[in-house]
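# Report on the structure
Residues per chain are reported as follows:
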Amino acid sequence: MREGSQEKQWRERAAVVMPGGMYGHQSTRLLPEDYPQFFSRAKGARLWDADGRELIDFMCAYGPNLLGYGDPAIDGAFMSQLAVGDTMTGPSPLIVELAERLVGLVTHANWALFCKNGGDATQMALMIARAHTKRSTVIFAKGAYHGAHPWCPTRSAGVTPGDKAHQIFCDYNDVASLEAAVAQAGDDLAAIFATPLKHDAFVDQALAEGDYARRARELCDDMGALLVVDDVRAGLRVARDCSWSKLGVEPDLSSWGKCLANGHAISALLGSDKARRAASAIYATGSFWFQAAPMAAALETLSRVTDTDYLEHMERLGISLRTGLAARARAAGLGFRQTGPLTMPLFLFEDDPDLRLGFAWCSQMLARGVYTHPWHNMFLCAAMTAEDIEMTLDAAEDSFRAIKTGRRVLEPNAKMSFLLA
Ligand SMILES: *Cc1c(COP(=O)(O)O)cnc(C)c1O
């Protein structure tokens, strides 16, 4: 960190008034040393850090930025609604319009509930499945992320065994492991929770296999349990419907968030008629869940989803990026794996158990104005252009060359070695 940089000063001040200096996935604790913790501005596909450095952003706020930061039409809809009423004693009629729009867009959905974070939506899915079945046990895939609530499979500090009771884990895309988990749950199975693809941190991504998704549907039907697809991260980035619609599999419940309003605070749980009674029975609410301005932004976002080729545009850019990176890594003689959907790539180097190469490459990219991530899936946004991809590929070529030359002198990656050991 440069002496006298704004970043350094903000970090020092944060360390005094914020535990650990920063918390959650936005902390740079597990990123290369030179990664900025603070950002001052964002527009389109670009970010500016606290020192004013401009970056092409392949994290897209960890998902929310779908169509470009500061999109004039979406932010305009938000601000117009803000001027007439946002947090009120009850919702605006926009809540009905938004529910109708989502029910029209998402095949399995007959109703919608709105909340703020993806975790709110997944938690409601959990409660509804238990209310519907009057059972407790839920099956998750090992390593899958569903939010930061104590029942979610994350870190253990502050979490009791009771918080994690009634959970069984299976391996993603492994039908036999899923069947074994269902057998273990026996007559207490309330739900199978699935991410639409394997988008776990630190490992190669994997698309869901049709056999696995269809078997999950069948097992839920056989057992009278509910199938939940957690589309909080991938929703609207792989399909204009629930992501598993591409496999012909319709869940009972799907959770949405992140890019639903292109960065404005709203998430949703969508469900089928089967789960309607249970959905009206649970107690779930929040002081800010009924804000009208994010709903106006969501309606505008959904209009762009249905009326433009935003998805095909991102996929075309994703192909250029993937083929361009593969060629440049090969030319540099580096084994470089790119996994996940075109619009949500993750990069890992071969022979890089402590991610020292990945960290070094990301640092080189950052120095050339491109923000990438060494172990979490990234995101493309529709505001990116062919020129952005060209600039990224130029930066990548130089960055591959730099780490190839320097690889023998790279230090062990202390930030990662304990975690990945
Ligand atoms: C981010 C995420 C969540 C949690 O969403 P928050 O808005 O952070 O609460 C849940 N599920 C998946 C798959 C996610 O990626």
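Residues numbered from 1 in each chain as written. Predicted model: local features only at pLDDT ≥ 70, side-chain atom pairs only at ≥ 80, totals over all residues. Heavy atoms only, no water.

### Re the sheet that holds strand β3 (residues 54-57)
Going by this rule: We call two strands paired when DSSP finds no fewer than two bridges between them. By the criteria applied, helices consist of DSSP H or I runs no shorter than four residues and strands consist of E runs no shorter than two, each listed in order from the N terminus. The contact criterion used is simple: two residues touch if any of their non-hydrogen atoms lie within 4.5 Å. Convention adopted: a line fitted to C-alpha atoms gives each axis, helices being fitted over their contacting stretch, and angles between N-to-C directions are expressed from 0 to 180 degrees.
Taking strand neighbours across the sheet as the criterion, the four strands line up as β1-β2-β3-β15 in an open arrangement whose pairing is mixed. With partners counted over all chains shown, the strands left at the sheet margins are β1 (39-43) and β15 (370-371), one partner each. Relative to β3, strand β2 (residues 46-49) is paired through three bridges, and the arrangement is antiparallel. Bridge assignment links Arg-46 to a residue of β3, and that residue is Ile-56. In the packing of helix α11 (residues 386-406) onto the sheet, contacts are made with β2, β3 and β15, and the angle to β3 comes to roughly 105°.

### Let's talk about the site of the ligand
Applied cut-off: Residues are labelled near a given molecule or strand when at least one of their non-hydrogen atoms is within 4 Å of it. Between N or O atoms, a polar contact is any pair within 3.5 Å; within protein, one atom must be a potential hydrogen donor and the other a potential acceptor, and residues adjacent in sequence are included only when both atoms are from side chains. In short, Shrake-Rupley with a 1.4 Å probe defines the accessible areas, and a residue's cover is counted only from the protein chains shown. Basically, the charged four are Asp, Glu, Lys and Arg, the nonpolar ten are Ala, Val, Leu, Ile, Met, Phe, Trp, Tyr, Cys and Pro, and anything else, Gly included, counts as polar.
Taken together, Asn-117, Gly-118, Gly-119, Tyr-145, His-146, Gly-147, His-199, Asp-230, Val-232, Arg-233 and Lys-258 make up the full set of residues adjacent to the ligand. Between the ligand and Asn-117, the relevant distance is 3.3 Å, taken from an oxygen atom to a side-chain nitrogen or oxygen of the residue. Between Asp-230 and the ligand, the recorded distance is 2.6 Å, taken from a side-chain N or O atom to a nitrogen atom. Coverage of the ligand by the protein amounts to 88% of the 380 Å² it exposes when considered alone. Looking at the shell around the ligand residue by residue, the class counts come to two nonpolar, six polar and three charged.

### Notes on α11
What counts here: The span expected for a helix works out to 1.5 Å for each residue beyond the first. Categorising residues by exposure relies on relative accessible area from a 1.4 Å probe, with only protein chains included: less than 20% of the type maximum marks a residue as buried, more than 50% marks it as exposed, and the intermediate range marks it as partly exposed.
An ideal rise of 1.5 Å per residue puts 30 Å on 21 residues; α11 measures up with 30 Å between its terminal C-alpha atoms. Of all the residues in α11, the buried ones are Asp-388, Ile-389, Thr-392, Leu-393, Ala-395, Ala-396, Ser-399, Phe-400 and Ile-403.

### Topic: the packing of helix α2 (residues 72-84) against helix α8 (residues 292-307)
Worth spelling out the cut-off: For classification purposes, angles smaller than 35 degrees are called roughly parallel, those larger than 145 roughly antiparallel, those between 65 and 115 roughly perpendicular, and all remaining angles oblique. Each crossing gets its handedness from the near helix: less than a right angle anticlockwise from the far helix is left-handed, clockwise is right-handed.
Look at α2 against α8: their axes get within 8 Å of each other, and the N-to-C directions meet at 150°. As the angle between them shows, α2 and α8 are arranged roughly antiparallel. Both α2 and α8 take part in a crossing whose hand is right-handed. In this structure, α2 contributes Ala-73, Ile-74, Ala-77, Phe-78, Gln-81 and Leu-82 to the contact, and α8 contributes Ala-292, Ala-293, Pro-294, Ala-296, Ala-297, Glu-300, Thr-301 and Arg-304.

### Digging into the domain arrangement of the protein
What counts, and what does not: The source of the domain bounds is an automatic or database domain assignment. Once two parts are brought into contact, the accessible area they lose, counted with a 1.4 Å probe and summed over both, makes up the buried area. What makes a salt bridge here is a side-chain nitrogen of Lys or Arg within 4 Å of a carboxyl oxygen of Asp or Glu, nothing more.
Along its sequence, the protein is carved into domain 1 (6-62 + 309-419) and domain 2 (72-307). A C-alpha centroid distance of 28 Å is found between domain 1 and domain 2. Domain 1 puts 26 residues into the contact, and the matching count from domain 2 is 21 residues. Summed over both partners, the interface of domain 1 with domain 2 comes to about 1800 Å²; 58% of that surface belongs to carbon and sulfur atoms. For domain 1, the biggest contributors to the area lost against domain 2 are Tyr-310, Met-344 and Trp-375; these three give 27% of the whole. A salt bridge links Arg-337 to Asp-204; the shortest N-O distance between them is 2.8 Å. If you look at where domain 1 meets domain 2, you find eight residue pairs in polar contact (both at pLDDT 80 or more). Of all the secondary-structure elements, those providing two or more residues to the side of domain 1 that touches domain 2 are α9 (310-331), β13 (336-339), β14 (346-349) and α12 (414-420).

### Describing the pairing of β14
Going residue by residue along β14, you find Leu-346 and Leu-348 tucked away on one face and Phe-347 and Phe-349 tucked away on the opposite face as well. Pairing between β13 and β14: four bridges, direction antiparallel. Within β14, the residue paired with Arg-337 across the bridge is Leu-348. In this structure, the hairpin formed by β13 and β14 is closed by a connection of six residues, where Gly-340 is found at a positive phi of approximately 95°.

### So, unusual backbone geometry
Located in the positive-phi region is Cys-60, a residue other than glycine, with phi close to 50°. Its location among the elements puts Cys-60 in the loop between β3 and α2. Phi at Asn-173 is positive, roughly 65°, even though this residue is not glycine. Checked against the element boundaries, Asn-173 lands in the loop between β6 (167-170) and α5 (175-185).

### A short note on the pattern of salt bridges
Counted under the stated rule, the structure contains 25 salt bridges. A salt bridge links Arg-328 to Glu-397; the nearest nitrogen and oxygen atoms lie 3.4 Å apart. Separated by 69 residues along the polypeptide, Arg-328 in helix α9 and Glu-397 in helix α11 bring together distant segments of the chain. Residue Arg-328 is classed as partly exposed on the basis of its relative accessible area of 21%. It is possible to trace a salt-bridge network through shared partners that takes in Arg-328, Arg-368, Glu-397, Asp-398 and Arg-401.

### Regarding the packing of aromatic side chains
Defined as follows: Stacked, edge-to-face and tilted are the three classes for Phe, Tyr and Trp ring pairs, Trp counted by its six-membered ring, which pair at centre distances within 6.5 Å; planes under 30 degrees apart are stacked, over 60 edge-to-face, the rest tilted. Whether a charge sits over a ring depends on NZ of Lys or CZ of Arg being within 6 Å of the ring centre and within 35 degrees of the ring normal.
Inspection of every chain in the model, using the stated rule, returns 16 aromatic pairs. Considering the side-chain rings of Trp-151 and Phe-193, the 6.0 Å spacing of their centres and the 70° angle between planes classify their relative orientation as edge-to-face. Within this pair, whereas Trp-151 is found in the loop between β5 (137-141) and β6, its partner Phe-193 is found in strand β7 (residues 189-194), the two being separated by 42 residues in sequence. Residue classification places Trp-151 among the buried residues on the basis of a relative accessible area of 8%. In this structure Phe-193 comes out as buried when scored by relative accessible area, which is 3%. One aromatic cluster is present, built from ring pairs that chain together Phe-336, Phe-347, Phe-349, Trp-361 and Phe-400. Above the plane of the ring of Trp-48 lies Arg-41, whose end atom (NZ or CZ) is 3.9 Å from the centre.

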